[in-house]
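Coordinate inspection notes
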Amino acid sequence: MNVEAFLLCDCATDQNGKLNVLGAFDTLFFNELPGVFRACSIASRVRFERIEAGEHDIRLSIIDADGKRIVPPLNGKVKVGIGTEVDSVAVNFVLALRDIEFQRFGLYRVDLAIDGQLQKSLPIRVIQVRQQDQNIPK
């Protein structure tokens with residue numbers, strides 16, 4: 001299997017096998033903590049080869065710098081079928097997340113595991129915005 005895309009973004013959809021992604025990012029800004037990020041999506045596109053047809057377990061975890069999960073792991077299953085006319089198939093996974101709370105500034109990550117094996121990790125930086133930073137002209 002090959003993870004062709006794995007993104008944290010503002011919004012994502014799967015439209016008949018076409019992955020649509022809006023606003024990919026890796027940094028969150030808060031004035032103070034705890035900070036709650038109201039809404040985002042995780043978008044992934046994974047290509048499976050013919051030999052990998054069948055059911056697969058998917059797990060997403062959001063982890064802090066100490067390796068602790070900040071939300072319960074998100075588990076799912078996908079059944080991959082590959083017709084005789086192709087050698088592989090891409091499967092899109094889109095997960096909408098709401099109200100994720102961050103207790104500390106620093107580095108976090110989103111891990112994607114398939115069948116118990118870590119496939120990809122995304123960094124998330126949580127940065128403090130100071131009052132004087134907000135007044136700087138851009």
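Refer to the structure above for everything that follows.
Notes on the structure in this doc start here. Just so you know, these numbers come straight off a predicted model, no measurement behind them. (Residues numbered from 1 in each chain as written. Predicted model: local features only at pLDDT ≥ 70, side-chain atom pairs only at ≥ 80, totals over all residues. Heavy atoms only, no water.)

**Remarks on the pattern of salt bridges**
In a structure, side chains of opposite charge can pair up when their charged atoms sit close to one another. As a reminder, the rule being used: Note on definitions: salt bridges are taken to be side-chain nitrogens of Lys or Arg within 4 Å of carboxyl oxygens of Asp or Glu. Each helix is a run of H or I in the DSSP string that is no shorter than four residues. Each strand is a run of E no shorter than two, and both are numbered from the N terminus. Relative accessibility thresholds used throughout: buried, under 20% of the residue-type maximum; exposed, over 50%; partly exposed, between the two (1.4 Å probe, protein chains only).
One pass over the full model with this rule turns up nine salt bridges. A salt bridge links Glu-4 to Arg-47, with the shortest nitrogen-to-oxygen separation between them at 2.6 Å. Separated by 43 residues along the polypeptide, Glu-4 in strand E1 (residues 2–15) and Arg-47 in strand E4 (residues 35–49) bring together distant segments of the chain. Arg-38 is the salt-bridge partner of Asp-99, the closest N and O atoms lying 3.0 Å from each other. Taken together, the residues span a long stretch of sequence, with Asp-99 in strand E7 (residues 88–102) and Arg-38 in strand E4 at a distance of 61 residues. Taking the relative accessible area as the measure of exposure, Asp-99 reaches 46% and is therefore partly exposed.

**What to know about the sheet that holds E4**
Strands in a sheet are paired, the pairing made by backbone hydrogen bonds, and the direction either parallel or antiparallel. Test applied: What makes two strands pair is DSSP finding at least two bridges between them. Between the N-to-C directions of two axes lies an angle of 0 to 180 degrees, each axis being a line fitted to C-alpha atoms and, for a helix, fitted only over the stretch in contact.
Strand order in the open sheet made by the four strands is E2-E1-E4-E7, with antiparallel pairing throughout. For this open sheet the edge positions go to strand E2 (18–24) and E7, each flanked by a neighbour on one side alone. Going from strand to strand, the sheet's axes swing by 40° on average, the running direction of each strand aside. Two elements, E4 and E7, share 14 bridges in a ladder whose sense is antiparallel. Across the sheet, Ser-41 pairs through a bridge with Ala-96, a residue of E7.

**Some words on the sheet that holds strand E8 (residues 106–114)**
The mixed open sheet is built from five strands, whose spatial order is E3-E9-E8-E5-E6. At either end of the open sheet lies a strand with only one pairing partner, and these are strand E3 (27–30) and strand E6 (74–80). Ignoring strand direction, the axes of neighbouring strands in this sheet form an average angle of 20°. In terms of strand pairing, E3 meets strand E9 (residues 117–128) through four bridges, oriented parallel. Each residue of the ladder has a partner; that of Leu-28, found in E9, is Val-126.

**Some details on unusual backbone geometry**
With an omega of 0°, the peptide bond between Leu-33 and Pro-34 qualifies as cis. Mapped onto the fold, Pro-34 is located in the loop between E3 and E4. Of note, Asp-99 is a non-glycine position whose phi angle comes to about 50°, a positive value. The phi dihedral of Asp-115 is positive, around 55°, even though this residue is not glycine. Along the chain, Asp-115 falls in the loop between E8 and E9. Residue Asp-115 is classed as partly exposed on the basis of its relative accessible area, which comes to 37%.

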